Every structure is written in structure tokens, then in C-alpha cells.
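Here are the chains, one letter per residue:
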Amino acid sequence: MTVVRTRVAPSPTGDPHVGTAYIALFNLCFARQHGGQFILRIEDTDQVRSTPESEAQILASLKWLGLNWDEGPDVGGPYAPYRQSERSEVYRVHTQQLIDNGHAFHCFCSTGRLDTLRAEQMANKQTPGYDGHCTHLSADEVARRLAAGESSVVRMKVPRPAVDAPAEERLCVVNDLLRGTIEIPWEQVDMQVLMKADGLPTYHLANVVDDHLMAITHVLRGEEWISSAPKHKLLYDYFGWEMPVLCHMPLLRNPDKSKLSKRKNPTSITYYQRMGYLPEAVLNYLGRMGWSMPDEREQFTLVDMIANFDVSRVSLGGPIFDVEKLSWLNGQWLKALPLPEFVAAFQRWAQPEFLSRVASQIQTRISTLSEAVDWAGFFFAGNVKLTENSFDGLKLSPEQIKAALQLALWELELQSQWDHSVIHDVLQRLNSAMGIKMRDFMAPFFISIAGTPSAPPIMEAMAIMGPDMTRARLRDAIAILGGVSKKETKLLEKQLAAFRRGDSLTEIEEQS
Ligand code: GLU
């Protein structure tokens, strides 16, 4: 009998996301339930956005949660390497095979041509996509242009049946473990780039080749990948490989039902770790996202979940990731711990590495160690207790304060790297655009982050606390100041656009 093998395949392009842990958890449970194996593969084909720091954080966060994999970049395994950036040659060979068999082609179209094509298609209300221009090139012409060093990508061929063709020719049918058959018209499937001009693969090619070569039997992934399934199915057919069973899990949602996003909710696992959630409670909560125990009990361990797992119990209605419910569940876990275990959890939460970074910020400011609580308490607190009077007596008007905090929040959301220099750059640019004295501009940030204007260097503190915690504090501060109305949001969005263009924002006060 075939051994069940599942995988989680995160792209290391940002903070470790709770969505990654959710998908990892279900893949792990599915594999274990069948006595199979669970693999971690790093999909770092996007060389611009992937970073080793992000990869390290993803691995550390999944381990913290107790989601252990049998094979992966750190532990190796029979199908190594498990990091796509180390597998370029594998993808090159497979792309060539597709070209040789007439399933893929070199495309020399310039960005200019593609942009014009797209604009025309949009104007004609057509689905934007490649028009097959380079499929008509002769083999000689392709060879000549390649030999001349002309830049090209490799695209996959996609059926283009006539509009009056029978349904079975017009539709791609994909089977999904939870959703049954999904039909997608071929005309909506683009002639996907498989290999970029730099010779590196795109997600689609690398994902299919690796799932096959790594003998993955079941792919449990987020529903945002459904539209990719026809491309993947076609690639499996082209290679003559059996396709793994697909299972598209429902997307996690914010309480307002929108897709879970860091704009509205902390999404980084490190945030939940820093806030003092227990890994068991986070896993328990993620296990309740669209799934429930047969006896509907709310509190259960990973071992319980594996023992009772049945993927057909996953319900497709978008599960809501609600931090308040998670906090309640975490409270249940904390209360139920025997005292020595609670003490151990408390000590683990203090994290020596975090503690030493915090300590380095206060050493020169205190005369007894106990004063550390006054200076460093805000690093550990879940949030600082602000009131609407907390911002009294500052040089900036309330409108300027809200504008500074909101614009900084939006700009910080965009950052994929998080360290002192990134934060400094954002705040300094904003400060000079707003034309305010640095000291006055920074005061509301001290209050939002530390609860007081006299705190250790606040940008360093933001760097240590991490992006999600920082953003949560800025959001809380804006809420305390009355929040931003729809009208204010419109004005601020204009300011943001102006700021991003490099314009001055000195009229904020007059306009608002
Ligand atoms: N690298 C993809 C991601 O970041 C993996 C998608 C899949 O599981 O196929 O989610």
C-alpha cells in the first residue's frame, strides 16, 4: 500500500503566519492518522522576497507549536534538498522535457507587449492572459533567437477549445477531497510562465515537480490555490504522472469575515508566542478552525486531534480566527496546568534571548534591578493601558497625532524586513514629510508603544517587540484617540499616496 505523505510548503517571505501553522497542522494530522509522513518544504523561488531570516522564523515557530516534520531542510531526508533554491537543476531538466515534448514553449514577448495586451483585454472585458503569440514561432526561429542571447521565459501550453466545443473539452475538471469535482473553463487558465528569464522556476512548476519527486500523495492547502489546480493538473498530465489528491482547506477569516490579514489581526505566530499564548492552546484553537472533535469538546491536545482526525469533518464555511476566543481558550489551558507546569510555561515565556535584548535597553537607565519593571514592563505587557488623556500636553494636535500614527501604521505594514533601520527609515521619512520637529513627532509613538514619553529608545523597542506587537499597539492608540472615521480615512489615504510619491504633507492640519 502507498504510504501517505503530506507536506506544508511555506514561502519564506515574511513573518511566520498562523495560516501556515493551520495548514501544517491539518497535513500533519492527516499523515499521522494514516500512519504516514509529514514533510516541510521551503518554496523560496521568489528570490527577491525570500529571506533566510524568514525561513528560520517559520521553522522555529512551527517547532514551538510542536508541529514536527519527518523530512525537511533542517533534518534532511531521502528526497533532499527540501529547499527549492537548491533544486534549480531539477526544474531546468523538467522544463526542457516539457519543451521537447511540445507542452511548453519559449516566449520572447516584451513587457511592453504584454502590458498593451493586458490593457486591451481589460478594455474589452476579457479575462487577461497570454494570447499564445509565441506558440507560433518555428523551431528554427526559437533556436536562432536563443542563440542570439535574446531574453525569454518558458510558458506552458493550455488547451484553447472552440467556444462551441463540447463541455468536456471546454472544462477542466479537478477533484477535491472536500469539494468534490470543481469545473474551471480552460479559457480562464492562463499560459502560465513556468521558468522565468533568469532560469528559475515559478511556483507552479517547482510545486508540481517537487510534489511528484517527493512522493507526496495528498496536498492539503488553502483554498486560494483552487484556481491553480487546472495548471497543476495539466502539468501532471504532460509529465505523465499521477496527481496527488487535492484538498483545499477553507481560508481563515477576520471576525468581519474578510480574509485573515495583518491589517486587521495579528497574524504572526511570534506575536502569539510573545503575548504568552501556550503553543498547545494555539494548536488547539487552529484545530477548531473548521474542524471539531466528534464529541464537540473544545479543549483537546494534538495527540487527541490525531487520534480522532477525519478530514471529512472539515466544514467549508470560512472559519473565523477570533483573538478573543483564542484568549479564552488559552485561559482554560493555563488554569488547567498543574502549578509546576504553569511555572515552567511562565519561565519559557520570558525567553532568555528576548530578555537579553530587553535588558540591553535598560542597563544604563536604572540604579536598582527592580526599576527594570518601570522601564521594561511595556515590553512584556500584552498592551499598554492608555486612556484618551494619555496624549494630553503634546505639541501636536490630535489630528496630527492620529495622522502620524495611522500613516506610520500603513507604511510599516508594507515592510517585509523588520529591524531598527527599516523602522527608522519609515518614521524619519514620514516625519520630514509632515514637517514636524523629530522630538514632537516621536512623542505619540513613545506613548503608544510604551505608555509614557520617557522610555528607552522607542524604535529599538519596536524592533525588539516585532511587527505584529508594534502594529497592535499603534492600532490600540488610534482607537483610544477615537479611531479614524470613513472621512478621515479617505483624507489619510490621499496623504499616504502623496507621502509615497515623496510629496510634503505639511497641510494635514489645515485640511482636516
Ligand atoms: N508556497 C505555497 C504557499 O506559500 C504553497 C502552496 C501549496 O501548498 O501548494 O502557500
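As a reminder, the structure under discussion sits directly above these lines.
As a starting point, this report considers the structure included with it. (Residues numbered from 1 in each chain as written. Predicted model: local features only at pLDDT ≥ 70, side-chain atom pairs only at ≥ 80, totals over all residues. Heavy atoms only, no water.)

### Details of the layout of surface pockets
If you add up the space inside the largest pocket, you get close to 1300 Å³. Taken together, 44 residues make up the lining of the largest pocket; nearest its centre are S11, T13, H17, T20 and E224. Of all elements in the fold, only β1 (5–8), α1 (18–33), α7 (203–213), β8 (218–222), α16 (398–413) and α20 (467–480) reach the threshold of two or more residues within the lining of the largest pocket. Counting residues per element, the lining of the largest pocket draws most heavily on α1, which supplies 4 residues. Counted as a void, the second largest pocket has a volume near 870 Å³. If you trace the second largest pocket, you find 32 residues lining it, with Q57, T270, R357, I464 and G466 closest to the centre. Contributions of two or more residues to the lining of the second largest pocket are made by α2 (52–65), α9 (269–275), α14 (352–362), α19 (458–465) and α20. Ranked by the residues each element gives to the lining of the second largest pocket, the list is headed by α2, at 7 residues. When the residues that make up the lining of the second largest pocket are grouped by side-chain class, the tally is 11 nonpolar, 13 polar and 8 charged. (1 Å grid on protein atoms, 1.4 Å probe; cavity = no way out; pocket = protein on both sides within 12 Å on 5 of 7 lines; lining within 4 Å. Points joined across faces, edges and corners; volume = space filled by probe spheres on them. Helix = DSSP H or I, 4+ residues; strand = E, 2+ residues; numbered from the N terminus. Nonpolar A, V, L, I, M, F, W, Y, C, P; charged D, E, K, R; others polar.)

### With respect to unusual backbone geometry
Looking along the chain, the bond that leaves A80 and enters P81 is cis, with omega of -5°. Look at K257: it is not a glycine, yet its phi comes out positive at around 80°. Within the element layout of this structure, K257 appears in the loop between β9 (245–249) and α9. Residue class for K257 comes out exposed when judged on its relative accessible area of 56%. (Buried < 20%, exposed > 50% of the residue type's maximum accessible area, 1.4 Å probe, protein only.)

### Brief notes about the site of the ligand
Around the ligand sit R7, A9, S11, E43, Y203, N207, R221 and W225, and that is every residue in its neighbourhood. Take R7: an N or O atom from its side chain is 2.5 Å from an oxygen atom of the ligand. A distance of 3.1 Å separates a nitrogen atom of the ligand from a polar atom in the side chain of S11. Protein contacts shield 82% of the accessible area of the ligand, which totals 300 Å² for the unbound molecule. Tallied by class, residues from the shell around the ligand come to 3 nonpolar, 2 polar and 3 charged. (Near = heavy atom within 4 Å. Polar contact = N/O pair within 3.5 Å; in protein donor to acceptor, adjacent residues only side chain to side chain. Areas by Shrake-Rupley, 256 points an atom, 1.4 Å probe, with all protein chains shown as cover.)

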